[in-house]
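A look at the structure
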Amino acid sequence: MTRKILLATAAAMALLAGPALAQKVVRIGMTAADIPRTLGQPDQGFEGNRFTGLTMYDGLTLWDLSSADKPSVVIPGLATEWSVAADDKTKWTFKLRAGVKFHDGSAFDADAVVWNVQKVLDQAAAHFDASQVGVTASRMPTLRGARKIDALTVELTTSQPDSFLPINLTNLFIASPAQWNKLLAAVPAAVGDPKERAKQAWEAFARDASGTGPWKMARFVPRERLEVVKNPDYWNKDRVPKVDRMVMLPMPEANARTAALLSGQVDWIEAPAPDAVPQLKARGMTVHANAQPHVWPWQFSRVEGSPWNDVRVRKAANLCVNRGEMKQLLNGLMVEAKGTVPPGHPWWGNPSFDIKYDPEQARKLMAEAGFSRQKPLTVKTQTSASGSGQMQPLPMNEFMQQNLAECFFKVELDVIEWNTLFTNWRKGAKDESARGSHAINVTYAAMDPFFAMIRFLDSKMAPPVSNNWGFINEPDYDRMVQEARTTFDAAARDAALARLHARSVNDAAFLWVAHDVGPRAMSPRIKGHVQPKSWFVDFSPMTID
């Protein structure tokens, strides 16, 4: 009798657990050391955008991530169309999508857009959040304000004519004003300071986020996991997720991620350990890779006294890295870089300086600059042990350290935590956070003109405005940037950007090393994944058996 009771109880429990057991769940090991911020504007670089931005939120504009064969382009998101005023190219009109709801059930409209612009630009706004400014304003530095025209129309204003604005707006994620106001009302009355009340409301929002995206927050444990569930009411029915739940787990160490996949702890990992790729494939795992508009560089300091101020030294470093051998080190998971964009790209521009492996010419340039094996040049580079898009930073930098030693460089590496490195990137080479570094190793996206070149080469983009970490100040760059920014014809703008790119390569403005291929390994149970030519991924199409 006791056995029958136990069997009956077990059967009943199984019946009750049925829906949960039937739930389709995908567990992902990220390269990030912590969960990217969930309150609307993620940190952790573009891995934050990938996992907590583009999942729970939308922008007015979005990237088309549906193809593995063609470059991603900007498409309508929460805005259906936009145009710049013919008589004043600092004013843009955006028509908004009707019928969109936030996860809390409130309506998306023009008021929500104005509110979200104010959260990062208007210090007088009750909901202004300084903690979100650094990862937002630096990515759209000309945006100055938003004005409601009617319920589904807004006007955005820039500080100068800026043809890049619709692209930049892919980085402004629209959070729910209604949800934030509800959480603000729940802040204890004893908290009287308005700024402190706003801060606590944003902290509560991060734990109970509400956007318009295809995924909704379900469980958030800082430094441990974020779980999101599909939004069946998502406005784009083609992008309603095909799995029920996605679990994101911070796993900054490549070997740990790889072991987690092999043991079945996770179903998907970002950036597997390169030397484990044959083993992963032998165990039936699928490894996806695709050339991305993404650069793995050293960004030079150009402040007074920097050794990189000598163009001969910059060119020597570019000629001394054996990118072919590095590709072998990474099991083929990279593309050799000859600039920010590859030959054939509309922005290539056919530079005369050919970036290749030529150590003999590199040593000749170094000798001309006054260095030798007996008198090497000491250079210090700040990097991280892991992080969004950083590929395999330690073995790659150690490989470069050995390469460059053959060309009279003595390389010192300052290895710090990824999110700290990313923060330092915005502070610049003059800040004490650089710790005397002459270069910084932060990967960057090259999907759009601003991210690819403008934020690094324009002298006006020096910290704290944006990411000109090295304080480059070249009048010709500034003139070319202005030409491209104020050109609204696409073909003419591409031509202007090509001239800027060719000039930067001829100046060896960076040490360009690799383009990432976004390697990710996953269980054979996962189907339908599209590996786009982008740093981002649309998780909606994937299924799991």
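Structural data are supplied above this passage.
Summarised in this report is the structure supplied together with it. (Residues numbered from 1 in each chain as written. Predicted model: local features only at pLDDT ≥ 70, side-chain atom pairs only at ≥ 80, totals over all residues. Heavy atoms only, no water.)

**What to know about the packing of helix H9 (residues 311–320) against helix H11 (residues 359–368)**
Spelled out, the test is: Only C-alpha atoms enter the line fits that serve as axes; for helices the fit covers just the stretch in contact. Angles between N-to-C directions range over 0 to 180 degrees. Numbering of helices and strands starts at the N terminus; helices are DSSP runs of H or I of at least 4 residues and strands are runs of E of at least 2. Roughly parallel covers angles under 35 degrees, roughly antiparallel covers those over 145, roughly perpendicular covers 65 to 115, and oblique covers all other angles. Crossing chirality is assigned from the near helix's rotation relative to the far helix, an anticlockwise turn below a right angle marking it left-handed and a clockwise turn marking it right-handed. Residue contacts are defined here by distance: any two heavy atoms, one from each residue, within 4.5 Å place the two residues in contact.
Running from N to C, H9 and H11 point in directions that differ by 160°, and their axes come no closer than 8 Å. Here H9 lies roughly antiparallel to H11, going by the angle between them. The way H9 lies across H11 gives a crossing that is left-handed. Contacts from Arg312, Val313, Lys315, Ala316, Leu319 and Cys320 of H9 reach H11 at Pro359, Gln361, Ala362, Leu365, Met366 and Glu368.

**Points about the layout of surface pockets**
Basically, it comes down to this: Every definition here rests on a 1 Å grid over the protein atoms only: cavities are sets of points where a 1.4 Å probe fits but cannot get out, pockets are open sets enclosed by protein on both sides within 12 Å along at least five of seven lines, and lining residues have some atom within 4 Å of a point. Grid points are joined across faces, edges and corners, and a volume is the space filled by probe spheres set on the points. In the scheme used here, Gly and all other residues not listed as nonpolar or charged are polar, with Ala, Val, Leu, Ile, Met, Phe, Trp, Tyr, Cys and Pro taken as nonpolar and Asp, Glu, Lys and Arg as charged.
Reported here for the largest pocket is a volume of approximately 760 Å³. Along the walls of the largest pocket sit 30 residues, with Pro71, Ser72, His345, Trp347 and Met447 positioned nearest its centre. Only helix H4 (165–168) and helix H16 (490–506) provide two or more residues apiece to the lining of the largest pocket. Looking at which element gives the most residues to the lining of the largest pocket, the answer is H16, with three residues. Of the residues contributing to the lining of the largest pocket, the split by class is 19 nonpolar, seven polar and four charged.

**Quick notes on the sheet that holds strand E4 (residues 79–84)**
Filter applied, for reference: Here, any two strands with at least 2 DSSP bridges between them count as paired.
The strand order across the open sheet built from four strands is E4-E5-E7-E6, with neighbouring strands paired in antiparallel fashion. Edge strands, defined here as strands with exactly one partner in the open sheet, are E4 and strand E6 (143–150). On average, each strand axis in the sheet is tilted by 20° relative to the strand beside it, whichever way the strands run. Relative to strand E7 (residues 153–158), strand E5 (residues 91–96) is paired through five bridges, and the arrangement is antiparallel.

**Regarding the packing of helix H14 (residues 449–457) against H16**
Relative to each other, H14 and H16 sit at 55°, their axes nearing to 11 Å. One element, H14, and the other, H16, form an angle in the oblique class. Taken as a pair, H14 and H16 cross one another with a handedness that is left-handed. When H14 is examined against H16, the residues Pro449, Met453, Ile454 and Leu457 are found in contact with a partner set consisting of Leu497, Leu500, His501 and Ser504. Classifying every residue of the contact of H14 with H16 by side-chain character gives six nonpolar, two polar and no charged.

**Digging into the pattern of salt bridges**
In plain terms, the rule: Whenever Lys or Arg places a side-chain nitrogen within 4 Å of a carboxyl oxygen from Asp or Glu, that contact is recorded as a salt bridge. Summary of the burial criterion: residues with accessible area below 20% of their type's maximum are buried, those above 50% are exposed, and those between are partly exposed, where the area comes from a 1.4 Å probe applied to protein chains only.
A full pass over the atoms with the stated rule returns 22 salt bridges. Measuring nitrogen to oxygen at the nearest pair gives 2.9 Å for the salt bridge that ties Asp162 to Arg485. Here Asp162, found in the loop between E7 and H4, pairs with Arg485, found in helix H15 (residues 475–485); they are 323 residues apart in sequence, far enough to count as distant. Assigned by exposure class, Asp162 and Arg485 land together as buried.

**Concerning the sheet that holds strand E20 (residues 520–522)**
Here we have seven strands laid out as an open sheet, ordered E8-E9-E10-E1-E11-E20-E12, and mixed in their pairing. On the outer flanks of this sheet lie strand E8 (215–221) and strand E12 (286–288), each paired with one strand and no other. Along the sheet, successive strands turn relative to each other by an average axial angle of 20°, direction set aside. Judged from the three bridges that link them, E12 and E20 form a sheet pairing that is antiparallel. Of the residues in E20, the one forming a bridge with His288 is Arg520.

**Some remarks on the pairing of strand E1 (residues 25–30)**
Relative to strand E10 (residues 245–250), E1 is paired through six bridges, and the arrangement is parallel. The residue of E10 that forms the bridge with Val25 is Arg245. Pairing of E1 with strand E11 (residues 268–270), which is carried by two bridges, proceeds in the parallel orientation. Along E11, the bridge assignment pairs Gly29 with Ile269.

**Notes on the state of the cysteines**
Quick note on the threshold: In what follows, a disulfide is any cysteine sulfur pair within 2.5 Å.
Counted according to the given criterion, the structure contains one disulfide. There is a disulfide in this structure between Cys320 and Cys407, and the S-S distance comes to 1.9 Å. What sets the handedness of the Cys320 and Cys407 disulfide is the S-S torsion sign, and at about 90° it is right-handed. Of this pair, Cys320 sits in helix H9 while Cys407 sits in the loop between helix H12 (393–405) and strand E16 (409–416), placing them 87 residues apart in sequence. A residue is classified by how much of its surface remains accessible, and Cys407, at 0% relative accessible area, is buried.

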